[in-house]
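Close look at the chain arrangement
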Amino acid sequence: MTVGKTGLFLTAAVAASAVTAATYASTLGQILYFAVYGAVCALAWWAALRSGAGAARRPWLLIALAQTLWLTGDVIEMVFFLTGEVPAVGISDVLWLGGYPLIAAALVLMARHRAPGRLRAGALDALTLATVAALASWQFLIEPLLGGGYSLAETIVPALYPVGDIVLLAAALFLVLSPGERGTPTYLLLTAVFTYLTVDLGYNLLPYVLDYSYVERLGAGLLLGHAVLVAAMLHPGHAELTRTGSRMGTLHPARVLFLGMALLGTPALALRHSGFSGEELALILAGSGCAAFVLTRFTMAVREQERLQAQMAYQAHHDPLTGLANRTVLHDTLERVMRAPGTGVAVLYLDLDGFKAVNDTHGHEAGDAVLGAVAERLSAAVRGGDLVARLGGDEFVLLCPGASHDDAVRLAERVLREVSAPVPFRGHELSVGASVGIAACAGEAAGNAAVGILRAADTAMYSAKRLGRGRWVTADSADPIMAA
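About the thresholds
- Residues numbered from 1 in each chain as written.
- Predicted model: local features only at pLDDT ≥ 70, side-chain atom pairs only at ≥ 80, totals over all residues.
- Heavy atoms only, no water.
- Helix = DSSP H or I, 4+ residues; strand = E, 2+ residues; numbered from the N terminus.
- Buried < 20%, exposed > 50% of the residue type's maximum accessible area, 1.4 Å probe, protein only.
- Contact = heavy atoms within 4.5 Å.
- Areas by Shrake-Rupley, 256 points an atom, 1.4 Å probe, with all protein chains shown as cover.
- Pairing = 2+ DSSP bridges.
- Phe/Tyr/Trp six-rings, centres within 6.5 Å; stacked < 30°, edge-to-face > 60°.
- Salt bridge = Lys/Arg side-chain N within 4 Å of Asp/Glu carboxyl O.
- pLDDT = per-residue confidence, 0-100.

**Thoughts on the overall build of the protein**
Within the protein one finds 16 helices and 8 strands. For the protein, the proportion of its 484 residues judged to be buried stands at 43%. Put simply, 73% of the contacts in the protein that link residues at least 6 apart link residues at least 24 apart. By element, 65% of the accessible surface of the protein is carried by carbon and sulfur atoms, the whole surface being about 24,200 Å².

In structure tokens, the structure reads:
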């Protein structure tokens, strides 16, 4: 489904949820609720079955199964309602509760797909926050149920819903705090999960302040959560939720804030029973200050480590003199571009003419100045998505994804003009030229094609030097074509 169609589906779901909320207690509202939910559930299965094969499909199947369990529980509850005998707890509760671990398992599987072997930090942060949420849930939601004088089933089953929410929250945090892409499907998925959690919290707390005729309308909120969850499944970019993502590069400030709240939440909840006298408030303030200092120091240490890692990564992938990409980056980028279906590429292999004379006459500092100036001119000559690399000495490569043969020729002619312009150095005008070899490939290639196209451009460059320098030559197995 396209982005536009996904947006239309989501808009229709919001409108249907609003109408359902307004007419929830009526026959029309219930018919609309089950009609929309039935369609959402069918779409969930359709999206899951077309999401691919193997392990990447399992999270979507679990989500579709959870939707089916919840819808079946609603249908059974409606049957009991129509017969006039709605039990306090029953089979519907089993089905509703069964959906929580399925959604949680789906989120965990997504995190494992997105960041295999890199989940320890996310798991620890998620458990930290979930532990505080569990303590709050125990004090405010579960513990009050235990002394209500209800039967064992009527006590345990309602208490399991907050437990299910904590399991769902922990899985959502695990996904959020783990590496991976953060596109629209991810935000839709998390919006749906936190909609469920908000609605469940409303079911637990709002009866203390509102009449149940208003509280029951929260069912429309669940319907909206179901629709948003399926919108994530239908989005054309949904594969980001099961695709291996890049390593998280920086420590987000929100992560530190949440961890600070978790550190303070536990003692604050523990002091709740004894009341907040002056001594307890002073203790909380002192603990808050210490936590702030510790987290600040922790953040500074992490930032310093990130800076050093970024510096090392830059040095490992860039030429120290010119700042251009090095051979490793060139080969990796070329292989990735040539693996992409239908993506052509042009490679220009450049070697400076007269560079040795500059070094011999004016010294290596002059040579470095020439290399720096050439690097700047090459970077200015290419397009935004092109890559300029220095292979060492006075050899450069321009990698141009999607460029045709004619595009490469025009670029080569521009490069020859730009490079030949004099370079000022301590009162002297240093002049060099260039010989350029061009190799182009249209469409997808396999095997060692990346090495082959680079070698072809290199061979063409040497042909240009033999033909008189200051010119370009295209690689052709039959007869190289020389610029006039």
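**Re the pairing of strand β3 (residues 395–401)**
Regular strands have side chains that alternate between both faces of the sheet. With 6 of its 7 residues buried, β3 lies for the most part within the structure. One ladder, built from 7 bridges, connects strand β1 (residues 345–353) with β3; its direction is antiparallel. The partner of Tyr 349 across the bridge, within β3, is Val 397. Here strand β2 (residues 387–392) pairs with β3 via 5 bridges, running antiparallel.

**A short note on the packing of aromatic side chains**
In the structure shown here, the tally under the stated rule is 6 aromatic pairs. Judged by centre distance (6.0 Å) and plane angle (80°), the rings of Tyr 24 and Tyr 33 are edge-to-face. Across the pair, exposure class does not vary: Tyr 24 and Tyr 33 are buried alike. Taking 5.1 Å as the distance between ring centres and 70° as the angle between the ring planes, the aromatic pair formed by Trp 70 and Tyr 196 counts as edge-to-face. Of this pair, Trp 70 sits in helix α3 (residues 58–83) while Tyr 196 sits in helix α7 (residues 184–205); the two residues are 126 residues apart in sequence, bridging distant segments of the chain. Pair check on accessibility: Trp 70 and Tyr 196 agree, each one buried. Taken together through their ring pairs, the aromatic side chains of Tyr 24, Tyr 33, Phe 34 and Tyr 37 make up a single cluster.

**Quick look at the pattern of salt bridges**
The full count for this structure, using the stated rule, is 7 salt bridges. Between Arg 390 and Asp 319 there is a salt bridge whose closest N-O contact spans 3.1 Å. Of this pair, Arg 390 sits in strand β2 while Asp 319 sits in the loop between α11 (278–317) and α12 (327–339), placing them 71 residues apart in sequence. Exposure class is identical for Arg 390 and Asp 319. Each is buried. Of the charged contacts, one joins Arg 383 and Asp 386 as a salt bridge, the two residues approaching to 2.7 Å between their closest N and O atoms. The exposure class of Arg 383 is partly exposed, given its relative accessible area of 41%. Linked through salt bridges whose partners overlap, the residues forming this network are Asp 351, Asp 353 and Lys 465.

**Describing the confidence of the model for the protein**
Averaged over every residue, the pLDDT of the protein is 83; the share at 70 or more is 87%. Confidence over residues 477–484 falls short of pLDDT 50; this stretch has 11 contacts with residues more than four positions distant or in other chains.

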